[in-house]
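Survey of secondary and tertiary structure
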Amino acid sequence: MPIERYMVPGEMEPVSHYCHVVKAGDFIYLSGMVGMKADGTIPSDTVSQFEIALKSIDTCLRHAGGRPDQVIKVLVFMTDITERASINPTRQRYFGHHKPASTLVEVKALVDPRMKVEIEAVAYIGE
């Protein structure tokens, strides 16, 4: 099974030794995306950060040949789980009727103390 690794133009430069996307056969693995714009700015609110992170997930997913309805697993990290309901409308608009398996975890902190949310995902693009 061939493995392809992608650094997606226009996305935030990784803060460590990883790439944005790994495609292995019919699976696409998306690294954790955060609410930081490529220019380094971070909005102060969770919803705006979630929207940026989800846009990055979408950009990277499509770069590797996938679509939102092919996402089979989502993992969301939040620094304040009580804000979960605030991100749901954005998530529902993105996935529509498609409901991937999902995990939501509250964490003490992310890589930058201003960050409030991180999303990673796996997609299956086979038949």
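Residues numbered from 1 in each chain as written. Predicted model: local features only at pLDDT ≥ 70, side-chain atom pairs only at ≥ 80, totals over all residues. Heavy atoms only, no water.

With respect to the sheet that holds strand 1 (residues 3-6)
- Strand order in the open sheet formed by six strands is 1-2-3-6-4-5, and the pairing between neighbours is mixed. The strands lining the two open edges of the sheet, one partner per strand, are strand 1 and strand 5 (101-106). With strand direction ignored, the average angle separating the axes of adjacent strands in the sheet is 10°.
- One ladder, built from seven bridges, connects strand 4 (residues 71-78) with strand 6 (residues 117-124); its direction is antiparallel. The partner of Met78 across the bridge, within strand 6, is Val117.
- Contacts from helix 1 (residues 46-63) reach strand 1, strand 2 (21-24), strand 3 (27-34), strand 4 and strand 6 within the one sheet, and its direction differs from that of strand 3 by about 150°.
- Against the sheet, helix 2 (residues 84-95) engages strand 4 and strand 5, with an angle of about 155° to strand 4. (Pairing = 2+ DSSP bridges. Helix = DSSP H or I, 4+ residues; strand = E, 2+ residues; numbered from the N terminus. Axes fitted to C-alpha atoms, helices over the stretch in contact; angles between N-to-C directions. Contact = heavy atoms within 4.5 Å.)

Focus: the packing of helix 1 against helix 2
- Look at helix 1 against helix 2: their axes get within 9 Å of each other, and the N-to-C directions meet at 25°. As far as their axial angle goes, helix 2 and helix 1 are roughly parallel. Of the two possible hands of crossing, helix 1 and helix 2 adopt the one that is right-handed. Residues Thr46, Val47, Phe50, Glu51, Leu54, Asp58 and Leu61 of helix 1 lie in contact with helix 2, whose contacting residues are Ser86, Ile87, Thr90, Arg91, Arg93 and Tyr94.
- Here the residues of the contact of helix 1 with helix 2 sort into six nonpolar, three polar and four charged. (Parallel < 35°, antiparallel > 145°, perpendicular 65-115°, else oblique. Left-handed = near helix turned anticlockwise from the far one by under 90°. Nonpolar A, V, L, I, M, F, W, Y, C, P; charged D, E, K, R; others polar.)

A look at helix 1
- Given a rise of 1.5 Å per residue, 18 residues ought to cover 26 Å, and the 26 Å separating the end C-alpha atoms of helix 1 matches this to within 8%.
- The inward-facing, buried residues of helix 1 abut strand 2, strand 3, strand 4, helix 2 and strand 6.
- Gly65 sits one or two residues past helix 1 and shows a positive phi near 95°. (Expected span 1.5 Å × (residues − 1).)

Some words on the nonpolar core
- Of all hydrophobic cores here, the largest spans 24 residues; its most connected members are Val21, Leu30, Val76 and Ile119.
- Listing elements by their share of this core, those giving two or more residues are strand 3, helix 1, strand 4, helix 2 and strand 6.
- Considering every element that reaches this core, the biggest residue donor is helix 1, with six residues.
- For Leu30, the contacting residues outside a window of four places in its chain are His20, Val21, Ile57, Cys60, Leu61, Glu120 and Ala121.
- In terms of nonpolar packing, the next biggest core, distinct from the first, is built from nine residues, Met12, Val107, Leu110 and Met115 among them. (Core = buried A, V, L, I, M, F, W, Y, C linked by side-chain atoms within 4.5 Å. Buried < 20%, exposed > 50% of the residue type's maximum accessible area, 1.4 Å probe, protein only.)

Observations regarding the pairing of strand 4
- Extensive coverage of strand 4 is indicated by the burial of six of its eight residues.
- Note that strand 4 and strand 5 share six bridges and pair parallel. Across the sheet, Lys73 pairs through a bridge with Ala101, a residue of strand 5.
- Read as a crossover between parallel neighbours, the route from strand 4 over helix 2 to strand 5 is right-handed. (Right-handed = clockwise from strand over helix to strand, strands pointing away.)

So yeah, pure geometry; function would need other evidence.
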